[in-house]
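# Structure at a glance
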Amino acid sequence: MSKPAIVYFPVKGAAEVIRLTLAAAGVDFENENLPGTEVLKQDLDTYSFGQCPRYHDADCDLVQTPAILRYLARKHDLYGGSGSIVEQARIDQLLDGMQDLRPKIMPLVYRDAFQTDEARAEFWGTHAEPEAAKGQCRGAHMLYIDAFVAKHGKDGFAVGGQLSVADLVLFDLVELHQRVFGERFDKQYPAMAAHHAKIGVLPAVADYLASALRPEK
Ligand SMILES: N[C@@H](CCC(=O)N[C@@H](CS)C(=O)NCC(=O)O)C(=O)O
């Protein structure tokens, strides 16, 4: 039988949160690289919304990253420790809050037009500078994430006291910020940097980070 697979481009991009979640769950998966974007529009049976990433295993074939993450969290016990629907809702809140911030930082990593000091200053001034959280940032601000984790996390985990899908998504979100802002980010958000360091040394995650399964870019 074939392994669970992620269908995407050969970059971390939007698929990295899925790879991290599978790795943390100890799932032996593979990457299937898309040769181009044409298939996304030609095969709407598979790519229902004309987009990737796609995930498939013996039980199902899915698109839409949030749906894939929740499926994997339920399947691999990464949706809160107690089976409590309140804890699951807390995890959902954090996932949704991070989903507001993610599209703001992604272009600074992946789009040439946003690799400028102006774009970095604009992002920092709107989505990372603590004072800016008082203004209109459309719900997308690192201070909100930081405060949510301080309130609802325990023992270094993002929500509750054990590893959940929210930890893997936060790990990736923090890393995107670190790629753009380096030490400036860690100094401004030490608890987020500490969370990243903690998750990165969990044995299953560390093995994945050092593996050939992880795209370089
Ligand atoms: N809502 C989708 C968005 C995925 C998305 O934006 N995918 C991009 C690649 S990162 C894509 O397929 N772009 C091609 C297109 O939209 O035509 C998800 O969360 O998975």
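Residues numbered from 1 in each chain as written. Predicted model: local features only at pLDDT ≥ 70, side-chain atom pairs only at ≥ 80, totals over all residues. Heavy atoms only, no water.

Looking up the chain in an unreviewed UniProt entry gives the name glutathione transferase, with the organism given as Micractinium conductrix.

### So, the pattern of salt bridges
What counts, and what does not: One side-chain nitrogen of Lys or Arg within 4 Å of one carboxyl oxygen of Asp or Glu is enough to make a salt bridge. Strands here mean DSSP runs of E at least two residues long; helices mean DSSP runs of H or I at least four residues long; both are numbered from the N terminus. Working definition: with a 1.4 Å probe on protein chains only, accessible area under 20% of the residue-type maximum means buried, over 50% means exposed, and in between means partly exposed.
The full count for this structure, using the stated rule, is 13 salt bridges. A salt bridge links Glu16 to Arg214; the shortest N-O distance between them is 2.9 Å. Highlighted residues: Glu16 in helix H1 (residues 16-24) and Arg214 in the segment after helix H10 (203-209), separated in sequence by 198 residues. By the burial criterion, Glu16 is buried, and Arg214 matches it. In this structure, Asp92 engages Arg70 in a salt bridge whose closest nitrogen and oxygen atoms are separated by 3.3 Å. Highlighted residues: Asp92 in helix H4 (residues 85-110) and Arg70 in helix H3 (residues 65-75), separated in sequence by 22 residues. By relative accessible area, Arg70 is classed as buried at 15%. Among the charged side chains, a network of salt bridges with common partners joins Glu16, Arg19, Glu175 and Arg214.

### So, the UniProt feature "domain: GST C-terminal" (unreviewed entry) in the chain
Put simply, the test is: UniProt positions are given in the numbering used here, feature names are shortened, and annotations may be inferred rather than shown by experiment.
With numbering aligned to this structure, UniProt lists the feature "domain: GST C-terminal" (unreviewed entry) at residues 84-217. Along residues 84-217, the helical share is 67% and the strand share 0%, with 37 Å between the first and last C-alpha atoms.

### Here we look at the sheet that holds strand S4 (residues 61-63)
What counts here: For two strands to count as paired, DSSP must find a minimum of two bridges between them. Axes here mean lines fitted to C-alpha atoms, for a helix over just the part in contact, with angles spanning 0 to 180 degrees between N-to-C directions. Whether two residues are in contact is decided by their heavy atoms: any pair within 4.5 Å suffices.
The four strands are arranged S2-S1-S3-S4 in an open sheet whose pairing can be described as mixed. Two strands close off the open sheet at either side, each with one partner strand: strand S2 (30-33) and S4. Ignoring which end each strand starts from, the neighbouring axes of this sheet average 20 degrees apart. Pairing of strand S1 (residues 5-8) with S2 involves four bridges; the strand directions are parallel. From the neighbouring strand, Tyr8 faces S2, where its bridge partner is Asn33. Lying over the sheet, H1 contacts S1, S2 and strand S3 (54-56), oriented at roughly 170 degrees with respect to S1.

### Examining the packing of aromatic side chains
This is how the line gets drawn: Centres within 6.5 Å are what make two rings of Phe, Tyr or Trp a pair, Trp counting through its six-membered ring; a difference in plane orientation under 30 degrees is then read as stacked, over 60 as edge-to-face, and the rest as tilted. A ring has a charge above it when a Lys NZ or an Arg CZ is no more than 6 Å from the ring centre and no more than 35 degrees off the ring normal.
Counted by the stated rule, this structure contains six aromatic pairs. A centroid spacing of 5.2 Å and a plane angle of 55 degrees characterise the contact between Tyr8 and Phe9, whose relative ring orientation is tilted. Arranged with centres 6.2 Å apart and planes meeting at 50 degrees, the rings of Tyr55 and Tyr71 form a pair that is tilted. In this pair, Tyr55 is assigned in strand S3 and Tyr71 in helix H3, connecting sequence segments 16 residues apart. The exposure class of Tyr55 is buried, given its relative accessible area of 1%. Aromatic ring contacts, followed pair by pair, group Phe123, Trp124 and Phe181 into a single cluster. Between Lys198 and the ring centre of Phe157, over which it is positioned, the NZ or CZ distance is 4.5 Å.

### Points about the domain arrangement of the chain
By convention, interface size is frequently given as the accessible area that disappears when the constituent parts associate. This is how the line gets drawn: For each domain, the first and last residues come from an automatic or database assignment. The quantity reported as buried area is the accessible area (1.4 Å probe) lost by two parts once they are put together, taken as the sum for both.
Split by domain assignment, the chain resolves into domain 1 (5-78 + 204-209) and domain 2 (85-201). Using C-alpha coordinates to define each centre, domain 1 is positioned 21 Å away from domain 2. At the interface, 17 residues of domain 1 touch 19 residues of domain 2. Summing both partners gives a buried area of about 1,400 Å² for domain 1 against domain 2, and 66% of it is carried by carbon and sulfur.

### Observations regarding the side chain of Asp172
Tracing the chain through its elements places Asp172 in helix H7 (residues 165-181). Discounting chain neighbours no more than four positions away, the residues touching Asp172 are Glu16, Val17, Leu20 and Arg102.

### Describing the site of the ligand
Where we set the bar: Working definition: residue near molecule or strand if any one of its non-hydrogen atoms lies within 4 Å of it. We call two N or O atoms a polar contact when they sit within 3.5 Å, provided that within protein one can donate a hydrogen and the other can accept it, with sequence-adjacent residues counted only if both atoms are side-chain atoms. Note on areas: Shrake-Rupley, 1.4 Å probe, and residue coverage restricted to the protein chains presented here. Asp, Glu, Lys and Arg are counted as charged, while Ala, Val, Leu, Ile, Met, Phe, Trp, Tyr, Cys and Pro are counted as nonpolar; the rest, among them Gly, fall into the polar class.
Near the ligand the following residues occur: Tyr8, Ala14, Leu40, Lys41, Gly50, Gln51, Cys52, Pro53, Gln64, Thr65 and Pro66. In this structure, an oxygen atom belonging to the ligand sits 2.6 Å away from a side-chain N or O atom of Lys41. Within the side chain of Thr65, an N or O atom sits 2.7 Å from an oxygen atom of the ligand. Taking 510 Å² as the accessible area of the ligand by itself, protein coverage stands at 65%. In terms of residue class, the shell around the ligand is made up of six nonpolar, four polar and one charged.

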